[in-house]
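# An overview of the molecular structure
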Amino acid sequence: MSAVSVAPAEAAQFQLVSNWHVDAPIERVWDALKATEEWPSWWRYVKSVQEIDPGDADGLGAIRHIAWSSRLPYGVAFDVEVMEIQRPRRMQGRARGQLDGVGTWELTPEGETTRVRYIWCVNLGTRWMRIAAPLAAPVFRWNHDGVMRAGAQGLARHLGVRLIGAY
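Residues numbered from 1 in each chain as written. Predicted model: local features only at pLDDT ≥ 70, side-chain atom pairs only at ≥ 80, totals over all residues. Heavy atoms only, no water.

### Quick word on the overall build of the protein chain
The helix and strand tally for the protein chain stands at 3 helices and 9 strands. Counting from the amino terminus, the protein chain carries its helices and strands in the arrangement β-β-α-α-β-β-β-β-β-β-α-β. Here the protein chain holds 167 residues, and the buried ones make up 47% of them. Looking at the protein chain alone, contacts between residues at least 24 apart form 51% of all its contacts between residues at least 6 apart. Total accessible area computed for the protein chain in this model is approximately 8,100 Å², and 52% of it derives from carbon and sulfur atoms. Each charge class in the protein chain was averaged separately, 19 positive and 18 negative side chains, and the resulting centres sit 8 Å apart. (Helix = DSSP H or I, 4+ residues; strand = E, 2+ residues; numbered from the N terminus. Buried < 20%, exposed > 50% of the residue type's maximum accessible area, 1.4 Å probe, protein only. Contact = heavy atoms within 4.5 Å. Areas by Shrake-Rupley, 256 points an atom, 1.4 Å probe, with all protein chains shown as cover. Lys, Arg positive; Asp, Glu negative; His and termini not counted. Charge placed at Lys NZ, Arg CZ, Asp CG, Glu CD.)

Encoded structure:
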């Protein structure tokens, strides 16, 4: 996983990038990622997903409240509104709550496998995270990388396929 801070520490903004390579066709990967309500069954750090608004027939405008745990002794929760859907290649959501930012899933087919890139541009929403960010940024990155790696492993298990890579 690659995670890079892109803003001054006082703003507590991060751009975190994760790449997965899954031995499954793009449509299967897309369907699993789009079915957010099923994430808790295969992504160990997703504690719950509650639908607030289903959005339109494609899911555009959908809002879900997602509660996460982490490798550190804290969890976060936030609402995510689906802002863009380009089936089966790109999905983008706006998060608001304890974390505020934009998350983008980009899927690229590679033969019968799929490369997944997740870009999380986030502002830390809680006071303690903002205060700790200058010193704790490497720990936040380590935590994010572990949460995302668990997602890649869980997705592969959920699909019954091999995880080729997660970085």
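And the narrative resumes.
### Notes on a positive patch on the surface
Together, Arg-44, Lys-47, Arg-71, Arg-149 and Arg-157 give the surface a local cluster of positive charge. With respect to the element layout, Lys-47 can be found in strand E3 (residues 46-53). (Patch = residues over 30% accessible without salt bridge, like charges linked within 9 Å, V, L, I, M, F, W, Y side chains within 5 Å. Salt bridge = Lys/Arg side-chain N within 4 Å of Asp/Glu carboxyl O.)

### Digging into the packing of helix H1 (residues 26-34) against helix H3 (residues 127-159)
Look at H1 against H3: their axes get within 11 Å of each other, and the N-to-C directions meet at 115°. Note on packing geometry: the crossing formed by H1 with H3 is right-handed. Residues Arg-28, Val-29, Ala-32 and Leu-33 of H1 touch H3, and the partners they reach there are Leu-155, His-158 and Leu-159. (Axes fitted to C-alpha atoms, helices over the stretch in contact; angles between N-to-C directions. Left-handed = near helix turned anticlockwise from the far one by under 90°.)

### Looking at the packing of aromatic side chains
Enumeration over the complete set of coordinates arrives at 13 aromatic pairs. Measuring from centroid to centroid gives 5.2 Å for Trp-43 and Trp-68, while their planes differ by 90°, and the two rings are edge-to-face. In this pair, Trp-43 sits in the loop between helix H2 (39-42) and E3 while Trp-68 sits in strand E4 (residues 63-68), placing the two residues 25 residues apart along the sequence. According to the relative accessible area criterion, Trp-68 is buried, its value standing at 14%. (Phe/Tyr/Trp six-rings, centres within 6.5 Å; stacked < 30°, edge-to-face > 60°.)

### Topic: H1
Looking only at H1, the buried set comprises Ile-26, Val-29, Trp-30, Ala-32 and Leu-33. Take H1 and look down its axis: the buried residues cluster within an arc of 165°, on one side only. (Arc of directions from axis to C-beta.)

### A look at the environment of Pro-73
Structurally, Pro-73 is set in the loop between E4 and strand E5 (76-86). With a relative accessible area of 86%, Pro-73 lands in the exposed category.

### Quick look at the nonpolar core
Ranked by internal contacts, the top residues of the largest apolar core, which has 42 residues, are Trp-20, Val-29, Leu-33, Trp-43, Trp-68, Trp-105 and Leu-155. Sort the elements by how many residues they give to this core and H3 lands first, with 11 residues. Aside from chain neighbours lying at most four places away, what touches Trp-105 is Trp-20, Leu-33, Trp-39, Trp-43, Arg-89, Arg-90, Met-91, Val-116, Arg-117, Tyr-118 and Met-148. (Core = buried A, V, L, I, M, F, W, Y, C linked by side-chain atoms within 4.5 Å.)

### Here's the deal with the confidence of the model for the protein chain
Caution applies to low-pLDDT regions: their predicted coordinates should not be interpreted in detail. Looking at the protein chain, pLDDT values average 91 and 92% of them are 70 or higher. Confidence drops under a pLDDT of 50 for residues 2-10, and excluding neighbours within four residues, the segment shows 25 contacts in the predicted structure. (pLDDT = per-residue confidence, 0-100.)

### Section: the pairing of strand E2 (residues 13-22)
Most of E2 is tucked away, with 8 of its 10 residues classed as buried. Relative to strand E8 (residues 113-124), E2 runs antiparallel, the two being bridged by 10 bridges. Paired with Val-17 across the strands is Ile-119, a residue of E8. Relative to strand E9 (residues 163-166), E2 is paired through 3 bridges, and the arrangement is antiparallel. Looking across to E9, one finds that Trp-20 is bridged to Ala-166. (Pairing = 2+ DSSP bridges.)

### Observations concerning the pattern of salt bridges
Tallying each qualifying case throughout the model produces 11 salt bridges. With a shortest N-O distance of 3.1 Å, Arg-90 and Glu-106 are connected by a salt bridge. Residue Arg-90 is located in strand E6 (residues 90-97), and its partner Glu-106 is located in strand E7 (residues 99-110); the two are separated by 16 residues in the primary sequence. Accessibility expressed as a relative area gives 23% for Arg-90, which makes it partly exposed. Take Glu-106: its relative accessible area is 25%, and that puts it in the partly exposed class. Connected via shared salt-bridge partners are Glu-84, Arg-90, Glu-106 and Arg-117.

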